[in-house]
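A closer look at the structure
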Amino acid sequence: MENTQNTNVHLIEEETLNIRELIDRCLSHWWWFVVSILLTVFVAIIYLKITPPTYSRQATVVIKDQRKGGSIGSAMDGLADFGFVTSRINVDNEIVSFTSPATLLEVSRRLELDKNYSVDGFLTRQDVLYGTSLPVKVQLLDVKENEGVSFTIKLGKDQKITLTNFLWIVNGEEQESKQLLQGKLGETLSSPIGRIILTPTTYYTEDWELGDIYFQKSSLHSTMARYTSRVTAALTSKQSTAINLSIQDASIQRAEDVLNTLIAVYNEEWVRDKNQ
């Protein structure tokens, strides 16, 4: 019995020594822990700086019956009591309408979502220019809807501009031109990709300080497909006739414009179908 107690005491003393030895070793290399923490924080900050932000916006649309005041749900309650699912089918059809390729193609065309403007951000990041942050707009007179081109815009004093770094695709092969094309805002310029007009927006300023503007035009149909994956439509609840629309985008203002235009196009199509 006494031997057992001595053995237990010996084991406790060994465990205490091992813990103390471990603590002493950690304290002797404390700077490793400090460096590791600082490095982790630094990497996290760099990641956040170079990753483009993504914003989410939402809107709710209540689907109304053609008869004044009533929603589809209230109008079809009587049929639903007999086992019909007309209400649900109609609302599902409206959800499909909001996210249909035809609707989003029209939204993309009206907002010119196939045109993207950006400037250099932190390290490899590019910041999107849209709405109030966009000083100029590009008109491409000879480029078709489903063609893609890009070039760099340099803004100068007295509305002078320089275009360079032209890229376009011919028969599936990328073409490039380093030609420096100079002119002024509002002029029609002949470039390797056809005629171009740059017009100042209401937010244009002579004191532009963000550097070169990178312009890229994508195929309108590929733009439509991209926004089809970004826009979602779903019922707010199983028994509801209210549809929740949401979108994620790198620009807050563009996200709001897409939702507002999406609702406007949907209403126009609904009125057109009603009058047929």
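See the structure above.
Residues numbered from 1 in each chain as written. Predicted model: local features only at pLDDT ≥ 70, side-chain atom pairs only at ≥ 80, totals over all residues. Heavy atoms only, no water.

In this section: the overall build of the chain. Of the regular secondary structure elements, the chain holds eight helices and 13 strands. Looking at the chain as a whole, 32% of its 276 residues are labelled buried. Partitioning the intrachain contacts of the chain with sequence separation of at least 6 by distance along the chain shows that 64% fall at a separation of at least 24. For the chain, the exposed surface amounts to about 17500 Å²; the carbon and sulfur share of it is 55%. (Helix = DSSP H or I, 4+ residues; strand = E, 2+ residues; numbered from the N terminus. Buried < 20%, exposed > 50% of the residue type's maximum accessible area, 1.4 Å probe, protein only. Contact = heavy atoms within 4.5 Å. Areas by Shrake-Rupley, 256 points an atom, 1.4 Å probe, with all protein chains shown as cover.)

Turning our attention to the sheet that holds strand β9 (residues 188-191). Ordered in space as β4-β10-β9, the three strands form an open sheet in which the pairing is antiparallel. Looking at strand neighbours, the two that pair on one side only are β4 (136-140) and β9, the edges of this open sheet. Each strand of the sheet is rotated relative to its neighbour by a mean of 30°, with strand direction disregarded. Across five bridges, β4 lies against strand β10 (residues 194-200) in antiparallel orientation. Counted as the bridge partner of V138 is L198 from β10. (Pairing = 2+ DSSP bridges. Axes fitted to C-alpha atoms, helices over the stretch in contact; angles between N-to-C directions.)

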